[in-house]
Amino acid sequence: MAVQETPVSRRLKTVKHIIIVCSGKGGVGKSSVSAQLALSLHASSPTARVGVLDVDLTGPSIPRMLGLDGHGVHQSSDGWVPVYADALGDGEPRLACMSVGFLLKKKGDSVVWRGPKKNAMIRQFLSDVRWGELDYLVVDTPPGTSDEHLSLIEHLAPVHSRLSAVIVTTPQAVALLDAMKCLSFTRAVALPVLGLIENMSGYVCPCCGDVSNVFSTGGGAEMARREGVPFLGSMPIDTELVTLLDAAESTDLSAADGRHDEDSEVRSFGVLQRYQKTSSAKILSAVVENLISTLPLVEHASTSSSA
């Protein structure tokens, strides 16, 4: 039976792969992993086109992490135009971003919405944003399995064959228990899982290089083995990365008031360049290489099982 076309499926028909990044609880670094995945996918090929959709509506942090604070969204005859993090680079921009953070008058404003308003916002992000041709659309979700996740799965049903998930956890037992709930959710909605990333897996001393296991280690790998899920890799705490993402925040008053400034464009492009020099980028490049090779297999298996 043919899948009924919807405004979302029409808008996303030129998006090859949609990767939903999720976690069972907050504080595990899911948004930083989403940002790093997008940056690493962008760097994986000189022609790779990547989009980042931030549906963590009450805590949008992707604009800050990509150095895009202070930017606004423009309306065109074909829908909303996403903000491009590499707009100052050579050639055509290839890293698009959309977040409710771009729609706030002040970046410190809270988003106080009930479920129906969240659902409508996510539908609009998926159907009204002019994504164009993308190789990858990375979706950063809020913690847990709530309204936003159910809305995503519902609206993306017509493109289900292109969906997959990455689960982010930290090594300690409490986080792993919540990661199991996230994995249970993906199974309940038949969302194929690309793999699990263990974040904050040790701290590398910038002086001597010794690794201290602040939150223990190996829990994510053991969970992945036990549940039959691919283990994509471990990410230690990287002080370079923390400094980079903190410095990406716009510090001028015009950005704080929601007005775009030229310096913010320089900052956003600088994040892309400086990220590639961090130790996290080297680790993520191996994860992304594995992820890219696994994507077609996971999506094919999902299509076959639903046929």
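None of the values given here were measured: they were computed from a predicted structure.

Visitor: What should I look at first to understand the overall build of the protein in this one?
Guide: Per the secondary structure count, the protein includes 11 helices and 11 strands. Residues classed as buried in the protein amount to 50% of the 307 residues present. Across the protein, the fraction of contacts at a sequence separation of at least 24, relative to all contacts at a separation of at least 6, is 81%. A total accessible area of about 13800 Å² is found for the protein, and carbon and sulfur atoms account for 55% of it.

Visitor: Any chance you could explain the nonpolar core here in plain terms?
Guide: Considering soluble globular proteins, one finds that nonpolar side chains tend to be buried as a cluster. In terms of nonpolar packing, the biggest core is built from 81 residues, with Leu12, Ile18, Leu53, Phe125, Trp131, Leu137 and Leu156 touching the most fellow members. Looking at which element gives the most residues to this core, the answer is helix H11 (residues 279-306), with 7 residues. Sequence-distant contacts of isoleucine 18, defined by excluding residues within four places in its chain, comprise Leu12, Leu137, Val139, Leu156, Val159, Arg162, Leu163 and Ser164.

Visitor: Is there a simple way to think about the side chain of serine 99 in this case?
Guide: When you line up the elements, serine 99 lands in strand E6 (residues 95-99). Look at serine 99 and you get buried, because its relative accessible area is 0%. Within polar-contact distance, the side chain of serine 99 engages the side chain of aspartate 54 at 3.1 Å. Beyond its immediate stretch of four places on either side in the chain, serine 99 contacts Asp54, Pro60, Pro63 and Phe125.

Visitor: How should I be thinking about unusual backbone geometry in this particular structure?
Guide: Trans is the common state for peptide bonds, and a negative phi is the common state for residues other than glycine. Even without being glycine, alanine 190 reaches a positive phi, approximately 60 degrees. Classification of alanine 190 as partly exposed rests on a relative accessible area of 47%.

Visitor: Even after reading the chapter, I still don't get the environment of isoleucine 19, so can you show me in this structure?
Guide: For isoleucine 19, the location among the structural elements is in strand E1 (residues 15-22). A relative accessible area of 1% means that isoleucine 19 is categorised as buried. Sequence separation between isoleucine 19 and leucine 37 is 18 residues; the distance between their C-alpha atoms is 9.7 Å. With residues near it in sequence (within four places) discarded, isoleucine 19 still touches Leu41, Tyr136, Leu137, Val138, Val139, Ser164, Val166, Leu194, Leu291 and Leu295.

Visitor: Explain the side chain of threonine 278 here, please?
Guide: Position of threonine 278 relative to the elements: it lies in the loop between helix H10 (262-275) and H11. The exposure class assigned to threonine 278 is buried, which follows from its relative accessible area of 3%. Within the local environment of threonine 278, its side chain forms a polar contact with the backbone oxygen of tyrosine 275, the two atoms lying 2.8 Å apart. In this structure, threonine 278 is in contact with Asp238, Glu240 and Leu244, ignoring residues within four places of it in sequence.

Visitor: Sorry, what's going on with the packing of helix H6 (residues 173-188) against helix H7 (residues 219-227) here?
Guide: For any two helices packed against each other, the geometry comes down to the angle between their axes and how far apart the axes lie. Relative orientation of the contacting elements H6 and H7 amounts to 35 degrees, with a least axis distance of 11 Å. Considering how the two elements wind past one another, H6 and H7 form a crossing that is right-handed. Here H6 contributes Leu176, Ala179, Met180, Leu183 and Arg187 to the contact with H7, which in turn contributes Gly219, Gly220, Met223, Arg226 and Glu227. Considered class by class, the residues forming the contact of H6 with H7 number 5 nonpolar, 2 polar and 3 charged.

Visitor: Teacher, can you tell me more about the confidence of the model for the protein here?
Guide: As a note on interpretation, predicted positions should not be read in detail where pLDDT is low. Confidence along the protein averages 86 in pLDDT terms, with 89% of residues attaining 70 or more. Low pLDDT, under 50, characterises residues 250-260; the predicted model gives this stretch 20 contacts beyond four residues in sequence or across chains.

Conventions and cut-offs
Residues numbered from 1 in each chain as written. Predicted model: local features only at pLDDT ≥ 70, side-chain atom pairs only at ≥ 80, totals over all residues. Heavy atoms only, no water. Helix = DSSP H or I, 4+ residues; strand = E, 2+ residues; numbered from the N terminus. Buried < 20%, exposed > 50% of the residue type's maximum accessible area, 1.4 Å probe, protein only. Contact = heavy atoms within 4.5 Å. Areas by Shrake-Rupley, 256 points an atom, 1.4 Å probe, with all protein chains shown as cover. Core = buried A, V, L, I, M, F, W, Y, C linked by side-chain atoms within 4.5 Å. Polar contact = N/O pair within 3.5 Å; in protein donor to acceptor, adjacent residues only side chain to side chain. Axes fitted to C-alpha atoms, helices over the stretch in contact; angles between N-to-C directions. Left-handed = near helix turned anticlockwise from the far one by under 90°. Nonpolar A, V, L, I, M, F, W, Y, C, P; charged D, E, K, R; others polar. pLDDT = per-residue confidence, 0-100.

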